[in-house]
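As a plain string of letters, each chain reads:
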Amino acid sequence: MSDETQTEARPKKLFIKTYGCQMNVYDSDRMADALAPHAYEPVQSAEDADLVVLNTCHIREKASEKVFSELGRLKEMRDLRRAEGSDLMIGVAGCVAQAEGEEIVRRQPAVNLVFGPQSYHRLPELLTRAHNGSQVVETEFPTEDKFAHLPAAKREVTLARGLTAFLTVQEGCDKFCSFCVVPYTRGAETSRPLEQVLSEARSLADGGVRELTLLGQNVNAYHGLDKAGRTVGLGELCYRLAEIPGIARIRYTTSHPLDMSEELIAAHRDLDALMPYLHLPVQSGSDRILKAMNRRHTTAEYLAVIERIKAARPDMALSGDFIVGFPGETDADFEQTLEIARLTGYASAFTFKYSIRPGTPGATMDNQVAEAVKVERLARLNAQIMGQTRDFAQSCVGRILPVLIEKPGRNPGQVGGRSPYLQAVHMEGPTRLIGQIIPVEIVAVGNNSLAGKIVTDAELKSASLSQSVANAVPA
Ligand code: 5AD
Ligand code: SF4
């Protein structure tokens, strides 16, 4: 074998620092899996590592600046090690790597390799080249399918990872919202074939995973091919995943409002396993701004989609993303954003100040909003969203929710889990319940969690209670 890492007696230590979205979390795990046969074992900090990979995010300015300051720290660490006769390899992966490529090694020459999200399956080979002394920059979009070559999330690995897992089903985006770098850094939209997704899901379920979160930058645009060459949408994929023994909960993120197909909405109506919690970003409540953002829908169309989803699944709750201070946003536009957040009744939302992304149409718009205005709008929106999140939590009190019991609680005799709405729930209960989905009555709202009380089968069956049990799924 040519890879020098194979001839070393001591396994090399790998530390991957992940920034940004859950897809990066998934990709980091696959990179670690790809390097495991080459005698790299994961460690928890850069100090203990022979190879540090920063898996970066480019979605907002701060994210990429953080990477460069981290690279500065790693260079100092490497210099100290060299003075002591050892070394440190430094890699940059992810969307900053894809977007900046050569610029990274120019700004920080200590970096050994730079590789974009489409090259992860080639990491062992790239690393060999870097070990041989060349500085490797790999940001091509190859025609081959990275997922066909990357190891799937495996049973042994997932055992350590627990009851919930991410599974990437789709990558890239063709929507070209005018603020967003994703179509440039992750490339054109591609979907993994149905069988590949199902077999990875089965292996995760065999490893004890009960809850799957399907990932994609535009996940509801999923259009994988089945064995017969037929195109399958996200709705059908959910039906198929729900049949897998052990898979009790399915989530997916992130969605675009235009891709909420009839079939996907029907899946929400039909499948208990499909969680009634949907991340459906609208970004702005102003039609003028939505148009400038190239979102390709109006606020009325967005609200109509939500009506259809709620008609199919009345206990549906929503989360969203908002950008304040997009070029040209006036006070009146911003008021409409506050208004749509209120109308939609988001249970939570991620809020961002617009940040210029070089190469996107928004970057060259001449009506940029002043930073102070962005800061003020963000604070107002955040205050409103925080209130909505509290109100939503409060509205759960008295409801019986199915809770996936995930871990022992803070105090002996307690367990902790998650509601369908991703809220942390704490309650009295034995640890043998870990891994089960148990009906829990929500009794109080804490700071960042809910307090609950396990409902027994007998209580569940009693007529008075069963009326209020809309969605309890006894284990
Ligand atoms: N500035 C601010 N927020 C952005 N997002 C994407 N691009 C930008 C940008 N240039 C936000 C959007 C998206 C989320 C993942 O990040 O709200 O939905
Ligand atoms: Fe970016 Fe999402 Fe718009 Fe695609 S749909 S360009 S990923 S914000």
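A brief look at the structure comes next. (Residues numbered from 1 in each chain as written. Chains lettered and ligands numbered in written order. Predicted model: local features only at pLDDT ≥ 70, side-chain atom pairs only at ≥ 80, totals over all residues. Heavy atoms only, no water.)

1. Quick word on the overall build of the chain
Along the backbone of the chain there are 17 helices and 21 strands. Computed over its C-alpha atoms, the radius of gyration of the chain comes to 23 Å, within 12% of the 23 Å expected for a compact globule of 475 residues. Contacts in the chain between residues at least 24 apart in sequence constitute 71% of all its contacts with a sequence separation of at least 6. Looking at the chain as shown, the accessible area adds up to about 20,600 Å², and 53% of this sits on carbon and sulfur atoms. Each charge class in the chain can be summarised by its mean position, and for the 53 positive and 60 negative side chains these summaries are 3 Å apart. (Helix = DSSP H or I, 4+ residues; strand = E, 2+ residues; numbered from the N terminus. Rg over C-alpha atoms; globule rule 2.2 N^0.38 Å. Contact = heavy atoms within 4.5 Å. Areas by Shrake-Rupley, 256 points an atom, 1.4 Å probe, with all protein chains shown as cover. Lys, Arg positive; Asp, Glu negative; His and termini not counted. Charge placed at Lys NZ, Arg CZ, Asp CG, Glu CD.)

2. Regarding the packing of helix H9 (residues 194-206) against helix H10 (residues 234-242)
For the pair H9 and H10, interaxial distance at closest approach is 10 Å and the crossing angle is 35°. Taken as a pair, H9 and H10 cross one another with a handedness that is right-handed. In contact with Leu194, Glu195, Val197, Leu198 and Ala201 of H9, H10 contributes Leu237, Arg240 and Leu241. Here the residues of the contact of H9 with H10 sort into 6 nonpolar, no polar and 2 charged. (Axes fitted to C-alpha atoms, helices over the stretch in contact; angles between N-to-C directions. Left-handed = near helix turned anticlockwise from the far one by under 90°. Nonpolar A, V, L, I, M, F, W, Y, C, P; charged D, E, K, R; others polar.)

3. Description of the pattern of salt bridges
A side chain with one charge may pair with a side chain of the opposite charge, provided their charged atoms come close. Applying the stated criterion across every chain yields a total of 34 salt bridges. A salt bridge links Lys175 to Asp259, with the nearest nitrogen and oxygen atoms 2.7 Å apart. You can see Lys175 sitting in the loop between strand S8 (170-171) and helix H8 (182-185) and its partner Asp259 sitting in the loop between strand S13 (249-253) and helix H11 (262-270), a full 84 residues away along the chain. For the pair Lys175 and Asp259, one class covers both residues: buried. When salt bridges with common partners are traced through the structure, they connect Arg122, Glu125, Arg129 and Glu138 into a single cluster. (Salt bridge = Lys/Arg side-chain N within 4 Å of Asp/Glu carboxyl O. Buried < 20%, exposed > 50% of the residue type's maximum accessible area, 1.4 Å probe, protein only.)

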